Amino acid sequence: MEVKGKTRPHFDEIDIIKGIAMLMVIYGHSFATFPIDIKAGFSNDIQRCITSFDLGLFFCASGFLFSLKDSWLVFLKKKAQRIVVPYIFFCCLDVTARHLFASFTKSHKLENIFFVILNGEQYWFLHTLFFILILMKLLNGKQMLGIPLLLLTIILSLTSIRSCKILHLGNIIIFFPYFYMGYLMRLHYVHLKNYLSFLPLTVLFLMLAIISYYFGKHSPVVIYYVYPVISILFVWGISLKINHYLPRLKTILSHFGKYSLQYYLNHLLIMLVAFYVTYYISLFGGIRIPIIHLLSCFLSAIAISYAMLVVEKQSKYLRMLCGL
């Protein structure tokens, strides 16, 4: 249901979509190799079928919510508060933690914080998102420029430039099409929503996603765009159904969607803790079942991130630093 506020409409399904995407990101990061090797217990497909489109789903949702109504000054102020400040703060925390706990993290030197912030590193998603937002603001809604840029970035992402680590240019090129896809969806959502709500079409997207992944997982164009786009449309359809028919699940997923930024920041900082929790559960509990290890790591990361969120919400300074 769309709830109109004073300034812009709110789409409940977007909170659900972001919640699903956040849980998929944590799932993808739960395949530890140290200090316990969880990844070895699963085929590459178990991890890759999710991680091939989880962040694409995030960028698509961000593009859907993108607005041109603010002036440059207001726009930059909002993005600084929401993205830049928590990005810098958590980059500093990450570098400090890796140095202080070097024996646990396999880090052997103190990284240069300036270059970490400049190049994205651990929190590259926010780094990439910020530059895409700036690019979209520069385009100013002009589709005569946006559509060619969309096509150009798709072509470039299939070349070796996708590996460019300078300012994470490769990621900007790879994920701009997803952001712009979400932006275009928002422009035509009144009609598009009716199609995405159609259950047979949702089932068709699921079948096409399975088929495209199975037969095209060795093809860059399929893995980078065909399979992810189909999967995003499938998740979108599922989210619309959850929004209307599963209120309890909607509440849970909307929580992760509402605080997706904080869960993203928090879980990356403490993922190694979740790895060690799983390691000690395995060591002292004698558990050798890979799926139990995966669930343990996944649930531990969520629980610790939630505890951090509760603490962060108690202080206005922490709220500011964490983008709340």
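For clarity, every value in this text was computed on a predicted model and none was experimentally measured.

### Focus: helix α11 (residues 199–216)
Here comes step 1: Given a rise of 1.5 Å per residue, 18 residues ought to cover 26 Å, and the 25 Å separating the end C-alpha atoms of α11 matches this to within 8%.
Here comes step 2: Taken residue by residue, α11 has Thr202, Phe205, Ala209, Ser212, Tyr213 and Gly216 as its buried positions. Each buried residue of α11 lies within a common arc of 100° when the element is viewed along its axis, so the set occupies one face. Opposite its buried face, α11 presents the exposed residues Ile210, Tyr214 and Phe215, each directed more than 90 degrees away.
Here comes step 3: In the core, the buried residues of α11 are packed alongside α2 (44–51), α10 (189–196) and α12 (220–245).

### Points about the state of the cysteines
Here comes step 1: On inspection of all chains with the given rule, the structure shows 0 disulfides.
Here comes step 2: The closest cysteine sulfur to the non-disulfide-bonded Cys92 is located on Cys91, 6.9 Å from its own sulfur.
Here comes step 3: The class for Cys92 is partly exposed, based on a relative accessible area of 30%.
Here comes step 4: Note on Cys297: no disulfide assigned, nearest cysteine sulfur contributed by Cys49 at a separation of 17 Å.
Here comes step 5: Judged by relative accessible area, which is 0%, Cys297 ranks as buried.

### Let's talk about the packing of aromatic side chains
Here comes step 1: Counted under the stated rule, the structure contains 33 aromatic pairs.
Here comes step 2: Relative to Phe64, the ring of Phe11 lies with its centre 5.1 Å away and its plane at 85°, an arrangement referred to as edge-to-face. Note that Phe11 is positioned in strand β2 (residues 9–11) and Phe64 in helix α3 (residues 54–65), a separation of 53 residues in sequence. One exposure class covers both Phe11 and Phe64, and it is buried.
Here comes step 3: Here the guanidinium or amino end of Lys137 rests over the ring plane of Trp72, the centre of that ring lying 5.9 Å away.

### Some remarks on the packing of α3 against helix α7 (residues 124–139)
When two helices pack together, their arrangement is given by the angle between the helix axes and by the axis-to-axis distance.
Here comes step 1: At a minimum axis distance of 12 Å, the contact between α3 and α7 shows a crossing angle of 35°. You can see that α3 and α7 cross each other, and the crossing is right-handed. Contacts between α3 and α7 involve Leu55, Phe58, Phe59 and Ser62 from the former and Trp124, Phe125, Thr128, Leu129 and Ile132 from the latter.
Here comes step 2: A breakdown of the residues in the contact of α3 with α7 according to their chemical character gives 7 nonpolar, 2 polar and no charged.

### Some thoughts on helix α15 (residues 290–312)
Here comes step 1: Taking 1.5 Å of rise per residue, 23 residues should cover 33 Å, and α15 covers 33 Å from first to last C-alpha, within 8% of that figure.
Here comes step 2: Turning to α15, the residues buried within the fold contact α1 (12–28), α4 (72–100), α13 (247–258), α14 (260–285) and α16 (316–321).

### Looking at the confidence of the model for the protein chain
Here comes step 1: Averaged over every residue, the pLDDT of the protein chain is 87; residues scoring 70 or more account for 92%.
Here comes step 2: Here residues 1–5 is modelled with pLDDT under 50, and outside its nearest four sequence neighbours on either side it reaches 11 contacts, counting other chains as well.

Procedures and definitions
Residues numbered from 1 in each chain as written. Predicted model: local features only at pLDDT ≥ 70, side-chain atom pairs only at ≥ 80, totals over all residues. Heavy atoms only, no water. Helix = DSSP H or I, 4+ residues; strand = E, 2+ residues; numbered from the N terminus. Expected span 1.5 Å × (residues − 1). Buried < 20%, exposed > 50% of the residue type's maximum accessible area, 1.4 Å probe, protein only. Arc of directions from axis to C-beta. Contact = heavy atoms within 4.5 Å. Disulfide = S-S within 2.5 Å. Phe/Tyr/Trp six-rings, centres within 6.5 Å; stacked < 30°, edge-to-face > 60°. Lys NZ or Arg CZ within 6 Å of the ring centre and 35° of its normal. Axes fitted to C-alpha atoms, helices over the stretch in contact; angles between N-to-C directions. Left-handed = near helix turned anticlockwise from the far one by under 90°. Nonpolar A, V, L, I, M, F, W, Y, C, P; charged D, E, K, R; others polar. pLDDT = per-residue confidence, 0-100.

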